[in-house]
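Fold and geometry: a report
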Amino acid sequence: MAGGTCLGLVARTVGDDIVPLVMPFIQENIQQPDWRKREAATYAFGSILEGPSPDKLAPIVNIGLNFMLNALMTDPNSHVKDTTAWTLGRIFEFLHGSAMESPIITQGNSQQIVTVLLHSMKDAPNVAEKACGALYFLAQGYEDSGSSSPLTPYFQEIVQSLINVTHREDASESRLRTAAYETLNEVVRCSTDETAALVAQLIPVIMTELHKTMDPQTPSFDGGEKQSELQGLLCGCLQVIIQKLSSESTKYVVLQYADQIMGLFLRVFACRSATVHEEAMLAIGALAYATGPDFVKYMNDFYKYLEMGLQNYEEYQVCAVTVGVVGDVCRALEDKILPYCDGIMTQLLKDLSSDQLHRSVKPPIFSCFGDIALAIGDNFDKYFTYAMPMLQSAAELSSRTSATDDEILEYTNLLRNGILEAYSGILQGFKSSPKTQLLIPYSSHILQFIDSIYLEKDMDDAVMKTAIGVLGDLADTLGNNASTLIQQSLSSRDFLNECLSSTDPLIKESAEWARLTIGRVIAA
């Protein structure tokens with residue numbers, strides 16, 4: 001194991017030069033009677049697949065792929081099959097995808113590959129888990145395949161095989177059940193519209209599995225796998241399915257099951273497990289996106305869990321996910337979120353003031369202010385007294401921070417981006433409102449913040465894009481009231497010109513819009 005890890009690091013460092021040095025060892029040992037030699041050769045091959053160029057590896061892989069598939073089916077040793085399945089996964093991870101000029105997987109061998117992997121998923125748990133991993137990367141390689149995927153003819157068989165794996169009595173060994181659900185998620189995520197009807201058929205299947213985990217008659221899972229972990233996997237699976245079916249042409253399927261799905265998610269929250277809370281929250285965010293304004297009917301029952309998530313300082317990842325779901329719900333409900341905003345804003349402000357909450361949650365909270373303001377428009381004015389001073393003090397802190405290392409700089413930029421997204425949401429929410437005048441006292445501070453982070457010269461692309469957008473939002477919302485301030489700004493013109501000449505198309509697009517908006521306001 002250590003030798004393979006070292007070999008992998010060398011391959012990533014020296015690239016193509018590793019191949020002629022390692023291939024003689026592989027060729028000499030790959031068919032030896034001693035299983036240890038066969039496994040060592042296979043492991044060496046898998047270890048050099050990341051680093052060398054596809055052009056260097058493709059001819060070797062094309063010759064060796066059929067041998068690997070046969071070994072996975074017929075080698076008498078479980079260790080060799082385990083390592084072979086792992087190596088196939090590495091081939092599909094690094095040498096398969098739309099960017100490959102000479103595809104490793106073709107119409108001629110795709111059926112054989114799928115057949116071998118599905119057969120190996122019935123093997124010992126350690127081999128089956130690696131076969132699931134290989135199938136995961138096989139599916140991922142077709143993510144950008146367009147309207148038709150080479151996996152479409154096998155989709156139903158693949159899905160059924162993965163579900164069968166989750167029902168194996170030994171599925172709790174070698175992370176097999178987890179690997180099967182993760183692979184199922186990836187197969188669904190990378191599928192095309194051709195298989196949308198088959199994806200829809202998965203909803204009642206996964207719902208039934210989730211319901212079973214809450215049935216007291218269901219026997220406990222052995223091997224140390226808790227039911228709460230399975231609930232997390234199933235909630236994650238439903239999330240992926242909901243997201244896949246959220247387009248206008250297919251979301252009617254989600255709407256048919258929405259009441260039952262939401263009922264199950266609410267029951268999952270009773271488990272008090274951080275993992276399940278997180279997965280159920282993420283799935284609810286996806287359901288809110290799919291159902292849109294209709295999600296309001298679930299809010300009375302869901303709100304207490306939303307509040308509990310926002311109060312979960314110990315399991316801060318749960319708190320962070322819940323903050324993101326507040327944004328999802330705001331986008332879904334728009335002004336229908338208003339009756340719940342007092343409670344949400346109160347808790348978000350408490351979170352920002354808390355020394356107990358992990359700092360990584362605080363940038364998304366500021367972004368969430370923007371989501372709320374966009375949803376409720378000028379009704380956000382009632383929170384100005386509390387929210388704006390928080391934003392101002394955080395802006396001053398993030399513009400003064402002299403980053404001593406990459407980690408601090410990364411956090412500083414996350415904080416800046418969160419603050420700017422808050423300002424953007426507030427400005428857009430108040431556009432065309434008679435209450436726009438309430439923003440004027442804060443506009444000079446917003447401009448000073450943009451000036452200061454521009455002059456620091458250490459913002460990343462995400463901050464640059466959001467900042468130039470906020471400059472445009474100021475002009476768009478405040479009109480003539482902003483034109484003088486923007487013209488007096490220390491660096492607005494230089495910043496705008498820098499963004500206009502950016503090689504990043506998203507920054508350039510935001511800058512073009514900001515330039516037109518500012519030009520229109522100044523001309524007026």
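Coordinates for the structure precede this section.
Below is a short write-up of the structure. Source: prediction; values computed, not measured.

**A word on the nonpolar core**
Considering soluble globular proteins, one finds that nonpolar side chains tend to be buried as a cluster. Phe-302, Phe-369, Ile-372 and Phe-380 are the most contacted members of the largest nonpolar core, which totals 176 residues. If sequence neighbours within four positions are ignored, Phe-369 has contacts with Met-345, Leu-348, Leu-349, Leu-352, Phe-380, Ala-387, Leu-391 and Ala-422.

**A word on the pattern of salt bridges**
Close approach of charged atoms lets side chains of opposite charge pair. Here the structure, examined in full by the defined rule, presents 22 salt bridges. Measuring nitrogen to oxygen at the nearest pair gives 3.2 Å for the salt bridge that ties Glu-248 to Lys-251. Judged by relative accessible area, Lys-251 falls into the partly exposed class, the value being 22%. Lys-431 serves as the salt-bridge partner of Asp-476, at 3.0 Å between the closest nitrogen and oxygen. Of the two residues, Asp-476 is situated in helix H21 (residues 461–478) and Lys-431 in the loop between helix H19 (406–429) and helix H20 (440–456); the sequence distance between them amounts to 45 residues. Classification of Asp-476 by relative accessible area gives partly exposed; the value is 22%.

**Structural notes on the packing of aromatic side chains**
Per the stated rule, a full pass over the model turns up 13 aromatic pairs. Note on Phe-295 and Phe-302: the rings are 6.0 Å apart at their centroids and 85° apart in plane angle, and the pair reads as edge-to-face. The residues Phe-295 and Phe-302 share a single accessibility class, namely buried. Taken together, a centroid distance of 5.5 Å and an interplanar angle of 80° make the contact between Phe-384 and Tyr-442 edge-to-face. Of this pair, Phe-384 sits in helix H18 (residues 384–400) while Tyr-442 sits in helix H20, and the two are 58 residues apart along the sequence. The two residues Phe-384 and Tyr-442 agree in class, both being buried. Of note, Arg-359 hangs over the ring of Tyr-411, and the distance from its end group to the ring centre comes to 4.3 Å.

**Quick look at the packing of helix H11 (residues 227–244) against helix H12 (residues 251–268)**
Where H11 meets H12, the closest approach of the two axes is 12 Å, and the angle between their N-to-C directions is 155°. On the basis of their axis angle, the class for H11 and H12 is roughly antiparallel. The crossing of H11 and H12 is left-handed. Of the residues in H12, those touching H11 at Gln-231, Cys-235, Leu-238 and Ile-242 are Val-254, Ile-261, Phe-265 and Val-268. Looking at side-chain class alone, the contact of H11 with H12 contains seven nonpolar, one polar and no charged residues.

Reading guide: rules and limits
Residues numbered from 1 in each chain as written. Predicted model: local features only at pLDDT ≥ 70, side-chain atom pairs only at ≥ 80, totals over all residues. Heavy atoms only, no water. Core = buried A, V, L, I, M, F, W, Y, C linked by side-chain atoms within 4.5 Å. Buried < 20%, exposed > 50% of the residue type's maximum accessible area, 1.4 Å probe, protein only. Contact = heavy atoms within 4.5 Å. Salt bridge = Lys/Arg side-chain N within 4 Å of Asp/Glu carboxyl O. Helix = DSSP H or I, 4+ residues; strand = E, 2+ residues; numbered from the N terminus. Phe/Tyr/Trp six-rings, centres within 6.5 Å; stacked < 30°, edge-to-face > 60°. Lys NZ or Arg CZ within 6 Å of the ring centre and 35° of its normal. Axes fitted to C-alpha atoms, helices over the stretch in contact; angles between N-to-C directions. Parallel < 35°, antiparallel > 145°, perpendicular 65-115°, else oblique. Left-handed = near helix turned anticlockwise from the far one by under 90°. Nonpolar A, V, L, I, M, F, W, Y, C, P; charged D, E, K, R; others polar.

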